[in-house]
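# Coordinates in review
Chain by chain, the residues:
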Amino acid sequence: MAGAERDRDRDRDRDRDREPGQPRAQPPLLLLLLLLGGLAALGTAQVTSEDQEVPEHKPVSLRCAAFRSGSSSARIEWKFQRGSSLVLIYYGGELTEPYRDRVQFSPTSIRFQSVTREDSGKYICEVVADGSHIAKSEVNLIVQVPPGKPLAHVPSSATVGARAVLRCSEAQGSPPPTFRWYKDGTELPTDPRASPAFRNSSYSLDPRSGELVFDPVGGWDTGDYHCEASNNVGSPQKSDVFRMEASEVNVGGVVAAVVLLLLVLALAAFGLWFAHRRGYCGSEPLGELGVTPEPPPPPPPGDPTPVPPPCHPRATPLCPSGVPGWGQRGQGGWHCPKRVPCPHSAGGKKVIYSQPSRRSEGEFKQTSSFLV
């Protein structure tokens, strides 16, 4: 009681000290409430959202829940959002060009005469009243389209103990379909342990993505597989049937392939060695490569030492015809009157070469010979 009297005396003293016309101080909580109320009076944004489904090629009306009756001066805008794209439908008091012939506008809604699958998306209605009050409503429109025939991807063979992935896809259905998988005409459960027929299998199945993963593959997973797509619009659609064979690793085939490869490499190495041994791998004669070789220098006059014709180390190289300075020496210098076999490639046989040792009055006289 005494405390309450002291508070009243403190308030009377504070009022006595306040200047005339000065407002009385307010508690902090009351000031905060007044501030929030003032901000709410300046402008508010209310958002509502709803989903709506309609079959393709049917009419539909989208309600603007943000509009309130009695707001005759309110400004209304409609927008269409699909992914990252945003398109104006109603702006500045009129419909935009893409929707002018397809949509009817009223302050409370817009009405499509017929919708297609491209019209699926989010429709946004914004209402601005009294220059400050903003309200917004959204409608998620789903145009129902039955699924088409799904496409199944099934490997023709899989190795036991490895990982195999089966995929099912479909691109037309709206909303997106879910998928089922069948083996030999029997539906695979999401959990293989739930069915005695698939208890030995080890797989995972995602109905939304349509992916069936065997990890690892077992011998009992061999069979005919197909998938099915459905979205509660129209009838479910089935894919073609594909067979997957689960087989063990062919160890014998791998060993045979390795042995065959080694034999081929050994034969190739032997062929190279034999060709090199026989001289087949030597370089080509210069005359056959289009390069004119340098002729051997003629012997000094009166030198009885015969000069053998040049040759190549291959098996039976011959002196190229028409190359001056090769072969035997005669009138006019060295020439190659005939194709001369290589001496040391004649299979170990002795070859006799004859050379003129001197010239007398334009005649060649053989005076010497040698053996190689």
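Scroll up for the structure.
Structural notes, computed from the coordinates.

## What about the overall build of the chain?
Helix and strand content of the chain: three helices and 23 strands. Intrachain contacts of the chain at a sequence separation of at least 6 include 58% that bridge at least 24 residues. Entry remark: accessible area of the chain is about 24,200 Å², with carbon and sulfur atoms responsible for 56%.

## Quick word on the pairing of strand β13 (residues 178–183)
Pairing of β13 with strand β17 (residues 223–230), which is carried by six bridges, proceeds in the antiparallel orientation. Within β17, the residue paired with Trp181 across the bridge is Cys227. Where β13 hands over to strand β14 (residues 186–187), the hairpin turn is made up of two residues, of which Asp184 adopts a positive phi near 55°.

## Re the packing of aromatic side chains
Going through the model one piece at a time under the given rule, you end up with eight aromatic pairs. Taking the centre distance of 4.7 Å and the plane angle of 35° together, the rings of Phe80 and Tyr123 count as tilted. Note that Phe80 is positioned in strand β3 (residues 75–82) and Tyr123 in strand β8 (residues 121–129), a separation of 43 residues in sequence. The same class applies to Phe80 and to Tyr123, which are both buried. Ring geometry for Phe270 versus Trp273: centroids 5.8 Å apart, planes at 35°, classification tilted.

## Let's talk about the pairing of strand β6 (residues 103–106)
When β6 meets strand β7 (residues 109–112), the two strands line up antiparallel, connected through four bridges. Each bridged residue has a counterpart across the sheet, and for Ser106 the counterpart in β7 is Ser109.

About the criteria used
Residues numbered from 1 in each chain as written. Predicted model: local features only at pLDDT ≥ 70, side-chain atom pairs only at ≥ 80, totals over all residues. Heavy atoms only, no water. Helix = DSSP H or I, 4+ residues; strand = E, 2+ residues; numbered from the N terminus. Contact = heavy atoms within 4.5 Å. Areas by Shrake-Rupley, 256 points an atom, 1.4 Å probe, with all protein chains shown as cover. Pairing = 2+ DSSP bridges. Phe/Tyr/Trp six-rings, centres within 6.5 Å; stacked < 30°, edge-to-face > 60°. Buried < 20%, exposed > 50% of the residue type's maximum accessible area, 1.4 Å probe, protein only.

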